[in-house]
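Here's the letter readout for the chains.
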Amino acid sequence: MEDNKAGIKDEIPDKVSIVVRSQGYGELAFNVKTSHKLSKLTSRWCQHNGLDPKTVRFLTEEGQRLNPEDFIKDLDLDLEMDEEDGLMKGYINAHMEQIGGC
Amino acid sequence: MSTRMRVMMIPHRQHQQKTRKKASRTTTTRKPHRQTRACNVPELRSTLLPMTSRHHRPRNHGQNRTTYWSPGQRGARRNPNTSCPRPSPQKTKRPNAPPRRQRQSFNQAIHLRDKHSAEPRFASNLRGPASRTAHQKASHKLGESSPATPMGATLSRFGRSFSSVASSVRPFNPRSSIRRHERARRAAAPSGVTKTVQKKPPQEFKRARDNVYRRKNDPLMAEIELLVILKSKAQYQTSGLRTKQQVDQELEERNKLIQKLMKEKADKDRFAVAPLDQASMQRTKEIITKASQQQGHSFCTKFRITIAGHDLVKLCPNQWLNDNIIDFYINLITEREKAKGRKVEGMTTHFFTTFERNGYQKVARWLSRKTKEYCRKNIMELDTLLIPINIGGAHWTLGVIAPKQKRVEFWNSLKSSNHSDDVRRYCTLLRKYLMEEAGITELEGWTDYSPEIQPQQNNYADCGVFTVKTAEFRARGAEPAYTPRDAQNLRYRMVLEIVDGELHPVGDDD
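Everything quoted here is computed from the prediction, not taken from an experiment.

Caption draft 1: Up close: the overall build of chain B. Helices and strands together make up the secondary structure of chain B, namely 20 helices and eight strands. Burial status across chain B gives 45% buried among its 510 residues. For chain B, restricting intrachain contacts to residue pairs at least 6 apart in sequence, the fraction spanning at least 24 positions comes to 65%. Carbon and sulfur atoms provide 52% of the accessible area of chain B, an area that totals close to 28,100 Å².

Caption draft 2: Up close: the nonpolar core. Residue and element names in this part refer to chain B. By size, the foremost hydrophobic cluster in this structure holds 46 residues, and its most contacted members are Leu312, Leu315, Leu321, Tyr329, Met494 and Ile498. Mapped by element, the contributors of at least two residues to this core are helix H12 (278-293), strand E1 (298-302), strand E2 (305-308), helix H14 (323-339), strand E6 (395-402), helix H19 (463-475) and helix H20 (487-500). The greatest single-element share of this core, amounting to eight residues, is contributed by H20. Not counting the four nearest positions on each side in its chain, Met494 is found in contact with Leu315, Leu321, Ile325, Tyr329, Val465 and Val468.

Caption draft 3: Structural view of the interface of chain B and chain A. Taken together, the contacts link 37 residues of chain B with 25 residues of chain A. Summing both sides of the interface, chain B and chain A together bury roughly 2,700 Å²; the carbon and sulfur share of this comes to 44%. At the boundary of chain B with chain A, the tally comes to four salt bridges. The closest approach of N and O atoms between Arg57 of chain A and Asp323 of chain B, which form a salt bridge, is 2.9 Å.

Caption draft 4: Representation of the pairing of strand E1 (residues 15-22) of chain A in the model. Residue and element names in this part refer to chain A. Of all eight residues in E1, six are buried; the element is thus mostly enclosed. Here E1 runs beside strand E2 (residues 26-33); their pairing, made up of eight bridges, is antiparallel. Its bridge partner being in E2, Lys15 is matched across the sheet by Lys33. The antiparallel pairing of E1 with E2 creates a hairpin that spans three residues between the two strands, and Gly24 there sits at a positive phi of about 90°. Relative to strand E6 (residues 88-96), E1 runs parallel, the two being bridged by seven bridges. Paired with Val20 across the strands is Ile92, a residue of E6.

Caption draft 5: Structural view of the confidence of the model for chain A. Per-chain confidence: chain A averages 82 in pLDDT, with 89% of residues scoring 70 or above. Here residues 1-7 of chain A scores under 50 on pLDDT; set against residues more than four positions off or in separate chains, the count is two contacts.

Caption draft 6: Structural detail: the pairing of E6 of chain B. All names here are of chain B. Within E6, eight of the eight residues are buried, which leaves the element mostly enclosed by the surrounding structure. Here E6 shows no split at all, with His395, Thr397, Gly399 and Ile401 on one side and Trp396, Leu398, Val400 and Ala402 on the other all buried. Here seven bridges tie strand E5 (residues 384-391) to E6, and the two strands are oriented antiparallel to one another. When the bridges of E6 are listed, Ile387 appears paired with Gly399. Two successive antiparallel strands, E5 and E6, enclose a turn made up of three residues, where Gly392 displays a positive phi of approximately 60°. Note: E6 against strand E7 (residues 407-411), five bridges, orientation antiparallel. Residue Val400 lies in a different strand from E7, and its bridge partner there is Glu409. The turn joining E6 and E7, which pair antiparallel and follow one another in sequence, is formed by four residues; a positive phi near 55° is taken by Lys406.

Caption draft 7: A look at the packing of helix H15 (residues 349-358) of chain B against helix H18 (residues 419-438) of chain B. Residues and elements named next belong to chain B. With their axes 11 Å apart at the nearest point, H15 and H18 run at an angle of 85° to one another. Between H15 and H18, the crossing angle belongs to the class labelled roughly perpendicular. On the side of H15, the interface is formed by Phe351, Phe352, Phe355 and Glu356, while H18 contributes Arg425, Tyr426, Leu429, Leu430, Lys432 and Tyr433. Classifying every residue of the contact of H15 with H18 by side-chain character gives seven nonpolar, no polar and three charged.

Caption draft 8: Expanded view of the packing of H12 of chain B against H20 of chain B. All names here are of chain B. Running from N to C, H12 and H20 point in directions that differ by 75°, and their axes come no closer than 10 Å. Looking at the two axes, H12 sits roughly perpendicular to H20. Contacts between H12 and H20 involve Ser280, Met281, Arg283, Thr284, Ile287 and Ile288 from the former and Tyr492, Val495, Leu496, Val499 and Asp500 from the latter. A class-by-class count of the residues in the contact of H12 with H20 yields seven nonpolar, two polar and two charged.

Caption draft 9: A look at the pattern of salt bridges. Scanning the entire structure with this criterion turns up 25 salt bridges over all chains. Here Arg21 of chain A makes a salt bridge to Glu61 of chain A, at a shortest N to O gap of 2.9 Å. One end of the pair, Arg21 of chain A, is in strand E1; the other, Glu61 of chain A, is in the loop between strand E3 (56-60) and strand E4 (65-66), with 40 residues separating them in the sequence. Between Lys340 of chain B and Glu337 of chain B there is a salt bridge; the shortest N-O distance is 3.6 Å. Overall, Lys340 of chain B belongs to the partly exposed group, its relative accessible area being 40%. Classification of Glu337 of chain B by relative accessible area gives buried; the value is 0%. Counted as one network, the salt bridges with shared partners bring together Arg336, Glu337, Lys340, Arg342, Lys469, Glu472 and Arg476 of chain B.

Caption draft 10: Region of the structure containing the environment of Val408 of chain B. Residues and elements named next belong to chain B. Relative to the helices and strands, Val408 resides in strand E7. As for Val408 and Asp448, which are separated by 40 residues in sequence, their C-alpha atoms are 4.9 Å apart. Setting aside its immediate chain neighbours within four residues, Val408 contacts Val400, Cys427, Leu430, Arg431, Leu434, Trp446, Thr447, Asp448 and Tyr449.

Caption draft 11: Highlighting helix H2 (residues 38-49) of chain A. Residue and element names in this part refer to chain A. For H2, which comprises 12 residues, the first-to-last C-alpha distance of 17 Å matches the rise-based estimate of 16 Å (1.5 Å per residue) to within 8%. Buried within H2 we find Leu38, Leu41, Thr42, Trp45, Cys46 and Asn49. With its buried residues spanning 130° around the axis, H2 presents them on a single face. Exposed residues pointing more than 90 degrees away from the buried face of H2 are listed as Arg44, Gln47 and His48. Looking at the packing, one finds that the buried side of H2 touches E1, E2, E3, E4 and E6. Looking at the residues trailing H2, positive phi occurs at Gly50, about 70°.

Caption draft 12: The side chain of Thr354 of chain B, seen in detail. Summarising the element assignment, Thr354 of chain B is placed in helix H15. The residues contacting Thr354 of chain B, other than those within four sequence positions of it, are His95 of chain A together with Gly359, Lys362, Val363 and Trp366 of chain B.

Caption draft 13: Broad picture of H20 of chain B. Residue and element names in this part refer to chain B. The end-to-end C-alpha separation of H20 is 20 Å, in line with the 20 Å expected for 14 residues at 1.5 Å each. Among the residues of H20, Ala487, Asn489, Leu490, Arg491, Tyr492, Arg493, Met494, Val495, Leu496, Glu497, Ile498 and Val499 are the ones counted as buried. Two residues or fewer past H20, Gly501 is found with a positive phi of approximately 75°.

Caption draft 14: Highlighting the confidence of the model for chain B. Residue and element names in this part refer to chain B. With 52% of its residues at a pLDDT of 70 or more, chain B shows a mean pLDDT of 69. Here residues 62-78 scores under 50 on pLDDT; set against residues more than four positions off or in separate chains, the count is 40 contacts. Confidence over residues 117-169 falls short of pLDDT 50; this stretch has 85 contacts with residues more than four positions distant or in other chains. Under the prediction, the complex receives an ipTM of 0.86, its pTM being 0.57.

Conventions we followed
Residues numbered from 1 in each chain as written. Chains lettered and ligands numbered in written order. Predicted model: local features only at pLDDT ≥ 70, side-chain atom pairs only at ≥ 80, totals over all residues. Heavy atoms only, no water. Helix = DSSP H or I, 4+ residues; strand = E, 2+ residues; numbered from the N terminus. Buried < 20%, exposed > 50% of the residue type's maximum accessible area, 1.4 Å probe, protein only. Contact = heavy atoms within 4.5 Å. Areas by Shrake-Rupley, 256 points an atom, 1.4 Å probe, with all protein chains shown as cover. Core = buried A, V, L, I, M, F, W, Y, C linked by side-chain atoms within 4.5 Å. Buried area = accessible area lost by both parts, 1.4 Å probe. Salt bridge = Lys/Arg side-chain N within 4 Å of Asp/Glu carboxyl O. Pairing = 2+ DSSP bridges. pLDDT = per-residue confidence, 0-100. Axes fitted to C-alpha atoms, helices over the stretch in contact; angles between N-to-C directions. Parallel < 35°, antiparallel > 145°, perpendicular 65-115°, else oblique. Nonpolar A, V, L, I, M, F, W, Y, C, P; charged D, E, K, R; others polar. Expected span 1.5 Å × (residues − 1). Arc of directions from axis to C-beta.

Okay, structure coming up:
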């Protein structure tokens, strides 16, 4: 299993499809180049949903925080082959900022 | 003015001059009392004198009297250049003199005079209840046929003539009634038995102490005040009730008591979290200033969390903390504990909300992903699992799963009236997660833990600080020991800890 993952990671393609899921905002898939920063994707997603990028947190499926300033190829995403458009597909979750005081 | 009156006033004036001499004698005997008060306790003077001078200095109107009461009133040292017989009290008033009673209007005075009796009363009768009782006491002792209240005294009290009755209604002068009293006593008592020093009643000190306690509810300050009183009274009390040794002994005892109380107070006031030193404080201020000016500037990136200016300003006083700060700090804690070899894990703030909303399947891999590096799959091997819980997007609490102690803990810095319901609710959810994670169906011997006494915030902003601080204590296996007074220090410390990317060392670590 681990060998497999490492193998996949080595062969990260130039282009991947990343699906952003969020409670209340549905799913939205982006085809992006892995040489881009994640912020390129997240800012578009926020713009699409009319949200302030400062108030949205992106987590992996495994609950790891994602830094929008990282490059997509450096993200530790689980990618799986999607047969329909022939792109590697990964999922990230968008969570709204939580605050609390009282 | 009738001739009869003129005749009567002359002998009275002579009598007044005599009494003034006596009066000045009494003032000189009293003066040292004031001075010793001031210089006896020089080290305490700056802090205590304002209080004691207001509350405890025996009412001494001597200064007032010698400056502006006697000259005009008695008509002896009248200013020949002005037509006004006596200087106005308002003009000659000392800057710190207590507020003077307002004059009664002419109509009021006349009304009161007519109401009370057919014969004209003293001006002091027209004053408030305190002065009236003082006068009544005096007149009671004097009796009706007292020689000390001749017609002349009445006249002098009313002023120069009967026509100026209205102007005679003036603020009550307690000294004059005392004088009258003294005069009467001397007249009644055999000559040469006059006492200059009056004995203090023994209850006085006790009463003063009770008053101080009632007012302050602060034993230390009360004791210090009483020491000052005692020292000031020590000189003349030796002549009366106590010997010098007794007074010295009591002074010494009180000194010891004050030392003890001061130590206790210092222990009580010691911060559980030490305040930052000057340089660190300066740095904190600079960081916060920069953060508020450059909201988008990234101050620290660690654990894949970027702390920007708009996150850091949330550590200013009375600001609500957000998930970035909490996550970052929980990560700092776990990093430190892991470096020490303890198996402590902290979940992100979104863990519990996701679990609550979507069930276990959504978060099934979250913990194992974290513990993957340790090759551990079982939650039961952990020492502590910290789970910050966001309630309703407005409140931070902390859930802790401690498999070693078989405890599910719930820490709330703002306990509501139905705290036990909250505990049951969140502990049930945590147990549910725990059972799913551990793959068991029953938790035997596990207890819910939420102590009655846990740090409680005293405002509606600090719960994030309390949450992470409790997490920090629980991560190293300690019970939370801090007070709401530490919240400010904690915030400043958190700024530095987050910007530096590491926690400050803890002194009492086990």
